[in-house]
Amino acid sequence: MRRRTHSRWHAVGLRAVVLGMAGIVGAASAAAAQPAGGVTLSGRLQDADSKAPLSYMTVQLLAAKDSGFVAGRLTDEAGGFSMSGLRKGSYVLVARRVGYRPLWQPVRIGELSPFLDVGPVALHRVPQALADVVVTAAADGVAETMDRKTFSVGDNISQAGGSVLQAMSTVPGVTVGQDGKVLLRGSDKVVVLIDGRQTALTGFGSQAGLDNLPASALERIEVINAPGARYDANASAGIINLVLRREEQRGLSGRVGLTGGAGALWIKRRNLPTIRPQFQRTPKVNPSASVNYRTGTTNLFLQGDWLYAPTLNKNEFATRTYDDGTVIEQQVKRNRETSFATVTGGVDHAFDGRNSVRVSGRFGREKILDEGDNPYFGPARQTRLRLWQFLEDEVKYTAYGNAAFVHRFPGAGHALTVHAGWSFHREDERYAFTNTLPTGVGRDSFALLSDERVWNVDADYVKPLRQGRLELGLAGRYRTIPANMRFFAGVNSVIDSAAGGWALYREVIPAAYGTYVYETSRLELEGGIRLEGVDVAYDVQPAHPTYRSDGYRYLQPFPNVRAAWKLDDAHKLSLFVNRRVDRPNEVDIRIFPKYDEPELIKVGNPALQPQFTTTLELGYKASWRGGSLYGAAFHRVVDGTITRITTRAPGSPILYNVFQNAGRSRASGAEVAWQGSLTRRVGLDANASVFERTFDAFTVLNRYPVPVLHSAARERLVSGNAKLNATLTASAGWQVQLMNTYLAPDLLPQGRIGSRYSLDVGAKATIQRGRGEIVVNATDVLNTNQAQRTIRGTDFRMVSTDFLETQVVRVGYGLKF
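Treat the numbers as computed from the prediction; the structure is a model and nothing was measured.

## Topic: unusual backbone geometry
Here the bond from Tyr704 into Pro705 is cis, since omega is -5°, no more than 30 degrees from zero. Tracing the backbone through its elements, the reader meets Pro705 in the loop between strand 35 (698-702) and strand 36 (708-712). Residues other than glycine seldom take positive phi values, yet Asn783 does so here, at roughly 55°. Position of Asn783 among the secondary structure elements: in the loop between strand 42 (772-778) and strand 43 (788-792). On the accessibility criterion, Asn783 (24% relative accessible area) is partly exposed.

In structure tokens:
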């Protein structure tokens, strides 16, 4: 590919995109609802002729159906008023003053915005009879936002005390692949945010650190299947937002907790001969503490978590069969010792009623020590062909800081927010290998040092309107990742030491967006567009044997439109269309080969390009007191599908796993979710999805270590998943939870993965007058969470099953003060 200069934009051009009507109306098992505390209604009364404010005038809000009093206020000196805590429904705004015609104005409180501004309301001095206003009320007990589902971490009893990744595995609509990636509707193109922001802790445009980040740090998890224009266009499958714990009460408050447990309680499958033992009875320890002090207009907060969790991270048994008759039986066993400590702190301060600032920071240190054994045997294990043993010593440091200034204009919800952030992530990785062959023993090692620095700034403007709101924003990000790999080859080395050296990743992303929301008693509309430019340069040292400097650029619009039609107070139909992108992450294009498996080597591809996705979805929601039903059908088309392609080097049994753009793929399917109570003590959440995945025929060229052409025919497979969560409220404050998860067989670009099933159980008791809590849980109690994976290459077939650690028992205690 032609090398592109970093200093010059290469416009790919603006493509016309069909703007459809769109929407996702929440999920049945979600707690996503109208904003906590209800909606705030604001406005300003003024003289119709002089435009002078009408100060200290009584304003009332009455229910439309019976004129019942709901709220009342006096206007301020500027004629402004504000009423908070309002629920969805139809109302009448009433204002009277001697010398003015009485005001009776219909007001509709909807679901799409937490703020509603009726704008300047003019009162006329000439009295005139006003015709009766008749408005039909449309209040119901369930009000939901259109774009997200929210799940309380505290309600997840069966995974309490574990990692964020384990907590996500129980969330409806979310699955976790065997490689530790989070999937939404079968796709791992998901971005994980912390408090609505991308950070180095969870990765920019990717997923990182989720298996070691303590879930005890979280308050709730938000799943956003239909991100609006204000979000980065990256991540076609959706966004998962992790909301950290925060206390709101005045004075000193906080929480302390301690969870302990053990995993790998017995051996699922015994090792192949001549290797070191698997981890057994691995300890789990998770202490956490948070403190909050709120006084006057200032709030201080501090939170700390530590997760120590050794695991049998991988225990994969595989058989490789080549077309020439060669058969290799192998095991990849990885004992991992992990500790992750995080500290978060910050301050919120309000200078006055209109200006406030929030400054926060977070520091994390993750220590990973991997001890691995990879034996390789010939047919019937008569001859050991190789024993590869390694020790990985890796430390990751993450720090980030954020500062946000908010200016509130007159009128509730009318605000300008300016945010600036900085992130740093260091990856300090050292490997030592012992390569035992029938002819001798070789020792190799390498060291990798990578420092990621990110600077970002954005501004968001929100203006509530009479029937909706307007959002405008600007954003910019600059990101650099210099990486240096040093190989130290020993005797009988298999390491490609010439593939080491330095590489530099640079990324510039400016963006602008606008969103308009309109709502009536029956119709909800939202339209937005994000114009995003991307300039990525990846510089490689000239001496690299295979790859050269490369990159990509584009300037494109990413629209989203959604619409919902309220059939009545309890039934809603929605339609949603959007276009998004998945940009290759730095590790996807990183040129350095990884040798944790010496005969299946993973390497990046600096020529990798973004994939673009268009999604269409039709949804239906029915609500009743104490429950709801949600169903959706969706269709997703991906151009330039990013995936790993495995090929064999000529004359060698070694396989090379390289990222490629594999052409067009599709996914079509449906999902349904039900939430309700079977009895007064038994609650049930059930959800299921089924989808057909299709990969069109494609041909790619793996260039490392030598060019190998790979072609694949068109493949199609129906897959899906189902989850059933039952919660029993027993006597003496106890709750018992059973979580069933089934993942159907799924399609891979070069093969398939088999089905999996898991049963998790947990129990929680509230003690000490609600201040204390005891939790006991166990995961994969039936030992069924293993799947067979089949990979087909040009001249080989590999079948594998990973018997990694999935069974963990935990006991925890938490105390609020």
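## Quick notes on the packing of aromatic side chains
Evaluation of the coordinates by the stated rule reveals 18 aromatic pairs. Relative to Phe612, the ring of Phe558 lies with its centre 6.4 Å away and its plane at 10°, an arrangement referred to as stacked. Of the two residues, Phe558 is situated in strand 26 (residues 550-568) and Phe612 in strand 29 (residues 611-624); the sequence distance between them amounts to 54 residues. Phe558 gets classed as buried once you look at its relative accessible area, which sits at 3%. Ring pairs connect the aromatic residues Trp388, Phe390, Tyr431, Phe433, Phe446, Phe487 and Tyr595, which therefore count as one cluster. Taking the ring centre of Phe634 as reference, the NZ or CZ of Arg185 above it sits at 4.7 Å.

## Notes on the sheet that holds strand 2 (residues 58-63)
Sheet architecture is open: 4 strands sit in the order 3-2-5-6, paired in antiparallel fashion. Unpaired on one side and paired on the other, strand 3 (69-74) and strand 6 (103-109) mark the two borders of the sheet. The average undirected angle you get between the axes of adjacent strands in this sheet is 20°.

## Points about the nonpolar core
Ranked by internal contacts, the top residues of the largest apolar core, which has 52 residues, are Phe433, Tyr538, Tyr554, Ile591, Phe592, Tyr595 and Tyr704. Counting residues in each nonpolar core, the second largest holds 28 residues, with Val153, Ala167, Leu201 and Leu244 among its members.

## Quick word on the environment of Pro310
Tracing the chain through its elements places Pro310 in the loop between strand 16 (298-308) and strand 17 (311-322). With a relative accessible area of 5%, Pro310 lands in the buried category. A sequence separation of 196 residues divides Pro310 from Arg506, and the C-alpha atoms of the two residues are 35 Å apart. Look past the residues within four positions of Pro310 in its chain and what remains in contact with it is Phe279, Thr282, Pro283, Lys284, Arg336, Glu337, Thr338 and Glu805.

## Some words on empty space enclosed by the protein
Taken as a whole, this structure holds 13 cavities of 30 Å³ or more when the rule is applied. Of the voids in this model, the second largest cavity is the one considered here, and its volume is about 440 Å³. Along the wall of the second largest cavity there are 24 residues; nearest its centre are Gln198, Asp232, Asp458, Ala475 and Arg530. The residue makeup of the lining of the second largest cavity, split by class, is 11 nonpolar, 5 polar and 8 charged.

## A word on the side chain of His419
One can find His419 in strand 21 (residues 415-437). Overall, His419 belongs to the buried group, its relative accessible area being 3%. At 2.8 Å, the side chain of His419 and the side chain of Asn402 are in polar contact. Setting aside chain neighbours within four positions, we find His419 in contact with Arg197, Asn402, Ala403, Ala404, Asn456, Val457 and Asp458.

## Quick notes on the side chain of Gln556
Looking at the secondary structure, you find Gln556 in strand 26. Gln556 sits in the buried class, given a relative accessible area of 2%. Among the polar contacts listed, one links the side chain of Gln556 to the side chain of Arg579, at a separation of 2.6 Å.

## Remarks on the sheet that holds strand 11 (residues 190-194)
Read across the sheet, 4 strands follow the order 8-12-13-11 without closing on themselves; strand pairing throughout is mixed. In this open sheet, the two strands that pair with only one neighbour each are strand 8 (149-152) and strand 11. Strand-to-strand, the axes of this sheet are offset by a mean angle of 20°, without reference to chain direction. Note that strand 11 and strand 13 (residues 238-244) share 5 bridges and pair parallel. Of the residues in strand 13, the one forming a bridge with Val191 is Ile239.

## Digging into the pairing of strand 38 (residues 734-743)
Here strand 37 (residues 715-729) runs beside strand 38; their pairing, made up of 9 bridges, is antiparallel. Bridge pairing links Ala726 to Leu738 in strand 38. Here strand 37 folds back onto strand 38, and the loop between the two strands holds 4 residues, one of which, Ala732, carries a positive phi near 60°. By the bridge criterion, 10 bridges tie strand 38 to strand 41 (residues 756-767) in an arrangement that is antiparallel.

## Re a nonpolar patch on the surface
Taken together, the side chains of Leu252, Val256, Val291, Tyr293, Leu300, Leu302, Val343 and Phe817 make up a nonpolar region of the molecular surface, amounting to roughly 680 Å² of accessible area. Elements that contribute at least two residues to the nonpolar patch include exactly strand 14 (251-263), strand 15 (282-295) and strand 16. Positionally, Val256 belongs in strand 14.

About the criteria used
- Residues numbered from 1 in each chain as written.
- Predicted model: local features only at pLDDT ≥ 70, side-chain atom pairs only at ≥ 80, totals over all residues.
- Heavy atoms only, no water.
- Helix = DSSP H or I, 4+ residues; strand = E, 2+ residues; numbered from the N terminus.
- Buried < 20%, exposed > 50% of the residue type's maximum accessible area, 1.4 Å probe, protein only.
- Phe/Tyr/Trp six-rings, centres within 6.5 Å; stacked < 30°, edge-to-face > 60°.
- Lys NZ or Arg CZ within 6 Å of the ring centre and 35° of its normal.
- Pairing = 2+ DSSP bridges.
- Axes fitted to C-alpha atoms, helices over the stretch in contact; angles between N-to-C directions.
- Core = buried A, V, L, I, M, F, W, Y, C linked by side-chain atoms within 4.5 Å.
- Contact = heavy atoms within 4.5 Å.
- 1 Å grid on protein atoms, 1.4 Å probe; cavity = no way out; pocket = protein on both sides within 12 Å on 5 of 7 lines; lining within 4 Å.
- Points joined across faces, edges and corners; volume = space filled by probe spheres on them.
- Nonpolar A, V, L, I, M, F, W, Y, C, P; charged D, E, K, R; others polar.
- Polar contact = N/O pair within 3.5 Å; in protein donor to acceptor, adjacent residues only side chain to side chain.
- Patch = residues over 30% accessible without salt bridge, like charges linked within 9 Å, V, L, I, M, F, W, Y side chains within 5 Å.
- Areas by Shrake-Rupley, 256 points an atom, 1.4 Å probe, with all protein chains shown as cover.
- Salt bridge = Lys/Arg side-chain N within 4 Å of Asp/Glu carboxyl O.

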